[in-house]
Amino acid sequence: MELHWLPSLPDWREALRALPEDPAAAWHAAEALARTRLDFVRTNALDTALRGRPVEPPAHPLRLAVLGSCTTTHLLPAIRIGGLRRGLAIEVFEPMFGGWRQELADPASALHGFAPGAILFSLDAHHVTAGLRADMDDAAAEAELTAVSERIRSGWREARAAFRCPILQQAILPIHPPLLGCNEHRLPGSRAGFVTRLNAVLRTMADAEGVDILAVDTRAARDGVARWHDPGLWHRAKQEIALPAAPLFGDLVARWLAALQGKSFKCLVLDLDNTLWGGVIGDDGIEGIAIGQGSPLGEAHAAFQAYAKELSRRGVILAVCSKNDLANALEPFERHHDMVLRRDDIACFVANWTDKPANLRAIARALNIGLDALVFADDNPFERDLVRRELPMVAVPELGDDPALYASIIAEAGYFDTLSLTREDRERTGLYQANQAREAWKDTATDLDAYLRGLEMRLVWRRFDPIGVPRIVQLINKSNQFNLTARRYTEPEVRAVMGDPLAFGLQLRLLDRFGDNGVIAILIGRLAGDGDVTIDTWLMSCRVLGRQVEPVTLDLAVAQARALGARRLVGVYVPTARNGMVREHYKTLGFSVNGVEQDGGYRAVYDVAAHEPAPTFIETVAG
Amino acid sequence: MEVKSEIYVGLTEIFHDIFLRDTIALTPATTAADVEGWDSFKQLEIVLAAEARWGIRFSTRELDRLACVGDLAHAIAAKAG
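What you see is a predicted model, and the numbers here were worked out from it, not measured in a lab. (Residues numbered from 1 in each chain as written. Chains lettered and ligands numbered in written order. Predicted model: local features only at pLDDT ≥ 70, side-chain atom pairs only at ≥ 80, totals over all residues. Heavy atoms only, no water.)

S.K.: I'd like a rundown of the overall build of chain B, residues and numbers included.
M.R.: Summing up its helical and strand segments, chain B has 4 helices and 0 strands in all. What you see in chain B, going N to C, is helices and strands ordered as α-α-α-α. Scaling as 2.2 N^0.38, a compact globule of 81 residues should have a C-alpha radius of gyration of about 12 Å, and chain B matches this with 12 Å. If you line up chain B on its principal axes, its C-alpha atoms span 30 × 25 × 20 Å. Restricting the contact set of chain B to residue pairs at least 6 apart, pairs at least 24 apart contribute 54%. Carbon together with sulfur atoms contributes 54% to the accessible area of chain B, which is approximately 4300 Å² in total. Positive and negative charge centroids in chain B, built from 8 and 13 side chains respectively, lie 7 Å apart. (Helix = DSSP H or I, 4+ residues; strand = E, 2+ residues; numbered from the N terminus. Rg over C-alpha atoms; globule rule 2.2 N^0.38 Å. Contact = heavy atoms within 4.5 Å. Areas by Shrake-Rupley, 256 points an atom, 1.4 Å probe, with all protein chains shown as cover. Lys, Arg positive; Asp, Glu negative; His and termini not counted. Charge placed at Lys NZ, Arg CZ, Asp CG, Glu CD.)

S.K.: Describe the interface of chain B and chain A, with residues and values.
M.R.: With 16 residues of chain B at the interface, the matching set in chain A holds 18 residues. Buried surface at the junction of chain B and chain A, summed over both partners, amounts to about 1600 Å²; 59% is from carbon and sulfur atoms. Counting across the interface, chain B meets chain A through 6 salt bridges. A salt bridge links R17 of chain A to D17 of chain B, with the nearest nitrogen and oxygen atoms 4.0 Å apart. If you look at where chain B meets chain A, you find 7 residue pairs in polar contact (both at pLDDT 80 or more). Elements represented by at least two residues in the side of chain B that touches chain A include exactly α1 (5–19), α2 (40–54) and α3 (60–64) of chain B. By residue number, the principal contributor to the side of chain B that touches chain A is α2 of chain B, which donates 6 residues. Residue composition of the side of chain B that touches chain A, by class: 8 nonpolar, 2 polar and 6 charged. (Buried area = accessible area lost by both parts, 1.4 Å probe. Salt bridge = Lys/Arg side-chain N within 4 Å of Asp/Glu carboxyl O. Polar contact = N/O pair within 3.5 Å; in protein donor to acceptor, adjacent residues only side chain to side chain. Nonpolar A, V, L, I, M, F, W, Y, C, P; charged D, E, K, R; others polar.)

S.K.: Outline the sheet that holds strand β3 (residues 118–122) of chain A, listing residues and values.
M.R.: All names here are of chain A. Strand order in the open sheet made by the 5 strands is β2-β1-β3-β4-β5, with parallel pairing throughout. Every interior strand has two partners, whereas the edge strands, β2 (90–93) and β5 (212–214), have only one. Recorded for the sheet is a direction-independent mean angle of 25° between the axes of neighbouring strands. Inspection of the sheet shows strand β1 (residues 62–68) paired to β2 by 4 bridges, in the parallel sense. Bridging across to β2, L62 finds its partner in I90. Sitting on the sheet, helix α4 (residues 76–85) is in contact with β1 and β2, with an inclination near 160° to β2. (Pairing = 2+ DSSP bridges. Axes fitted to C-alpha atoms, helices over the stretch in contact; angles between N-to-C directions.)

S.K.: I'd love a proper account of the environment of T275 of chain A, names of residues and values included.
M.R.: Residues and elements named next belong to chain A. Position of T275 relative to the elements: it lies in the loop between β6 (267–270) and α14 (281–288). For T275, a relative accessible area of 0% translates into the label buried. As for T275 and D379, which are separated by 104 residues in sequence, their C-alpha atoms are 5.6 Å apart. Not counting chain neighbours up to four residues away, the residues in contact with T275 comprise H301, F304, A377, D378, D379, L399 and Y406. A distance of 3.1 Å separates polar atoms of two side chains, one belonging to T275 and the other to D379. (Buried < 20%, exposed > 50% of the residue type's maximum accessible area, 1.4 Å probe, protein only.)

S.K.: Can you explain the nonpolar core? Please cite residues and give values.
M.R.: Judged by nonpolar contacts, the single largest core of 132 residues is most densely connected at L64, W228, F249, L257, L268 and F333 of chain A together with L11 of chain B. Sort the elements by how many residues they give to this core and helix α13 (residues 246–260) of chain A lands first, with 9 residues. L257 of chain A has contacts with L62, L64, L88, I90 and A118 of chain A, leaving out every residue within four places of it along the chain. Counting 39 residues, the second largest nonpolar core, distinct from the first, contains L455, A566, F591 and I618 of chain A. (Core = buried A, V, L, I, M, F, W, Y, C linked by side-chain atoms within 4.5 Å.)

S.K.: Could you give an account of the confidence of the model for chain A, with specific residues and numbers?
M.R.: Here chain A averages 92 in pLDDT, while 97% of its residues score no lower than 70. When the elements of chain A are averaged for pLDDT, helix α20 (residues 423–426) of chain A gives the smallest value, 68, and strand β9 (residues 374–377) of chain A the largest, 98. (pLDDT = per-residue confidence, 0-100.)

Right, dumping it as structure tokens:
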């Protein structure tokens, strides 16, 4: 079972043996190797090579505990390598075989000593169906389903109470052979039927408990259960997931950890000729290209466009990067009736004769996102190779030469795997279109004040609330540039702010004449014993820079601080690799800075009593 | 049955990858006792790597009969032709 979207590396063996001595360089070289098509032997070899030498990952390792009912040791290297592939160092812990319940309950256990930052529950299908018999009646099978699911739920709750960390529940693998056959669902005591029902119950329960699901069941349905599970290996080593499936399993776990960190791709950049349609528009002309009904090739390209369009409807930004004359490239979008994608589905359209790495840089800049948020889909191996070499942070799937497979290749790579969907995600295309309208209008406004006044901005603020939690967590974990402390919060931690009477969490939404910008800023403050309110988190989406949101946010912070009886606001700046743009933030707002530390970080204080709201063109409303 | 040298070349490569030691030299008589780190876990990895490389699958009985590298090479030769 292959990670088929990753490129093969022919001289992989030599590359592994040539890892550099320097610990930081070794990590980066290994990261590049992890982004090639590794099978289980290579995955384990890369993991062994890294564990046998000093390496220096760019950030502290995430600590993941794997609580399993059967052997999971053979899956751990693949989890670490899946993390490495995403630039994440992962430290994995496994309790004594079969002993996770005791370790969870015992504060002196090794599990508690490890103090996980994330937990994976990996329960095998034999374990959860042990109480089933084919001669059970409906009521008995139903009671067993309740008992098993409640046991799983109590495990989640215990883990959450002990560690307050995100939890991932592996769906149960459908490994049991049927007893009735196609109508297995009519046999209440069927193990196969039970697993299907339990997986449905787990999903509902997980939503209610804020737990995420590792959908190995749907993966196995696509790949074939036999690719995931070998009964021979089960009897021999109690490995429910076969070693050859480990690289994919590890990648799925790492996708979750990356999504928790807010590391996910945001934009699909599409080539045109032989990617979105068959043929070359410049040579074949609008009548000559294959798109839509009439030919299998045209239908395959249309199906790929339809997949891209669905991705954009759920929040993935689409861009075009093509070597073409602009007029030629635009023509099918504007004139061809069978095109599924239209010009206004594309947030950034680049067609010229410049090299693709330069154009990808321009696209990232225009959309105000990082290069590491781009996935580049191009049928041309030369272009793919060039982009991989010049811009290793851009994901470049091995598309192959059959457009019928493009959608599933991109889907299986999991670039856009997301834990939940926020309203902003659904409306993102609209957000970017409104932004373009704003920009166009800005060019016509005579001066800045006229522009801002004409925007008719309204800032709607609201304390953190359950409905806003997904977007709050998403913003906190993915905002890098306008983020004073870059402190990350998990969902349980955000909920803890909501319940803390000495803290406030605010979510700010900005509306204007062009539409709703969505939640664009987050503020978290906390009252300390000395009567000061420390601003733990102040972050803002870069797309509303220069719109006077900052002084209005300060007004809100002051009001909150006064309500808590504080005399001063304390702003903290913690420098990171990417937040240099806000170094002067507190100074600009009139805070006095006390001594800058060696790394450039500082604390700044602000007298709440002396605060005068700065004049802006924003109307502030509690929402 | 005669075992083609191609099988030993392939097995050697598998051992070098799995143990990350290019000095391992296999003979038909090599057993787990001769290779440091060759435990039951690595044994499975070796067998699975051989299955993947030659596109074959060993039965539970066949796996139980493997005592040395020669056994494995013979089993591969019998299946892969």
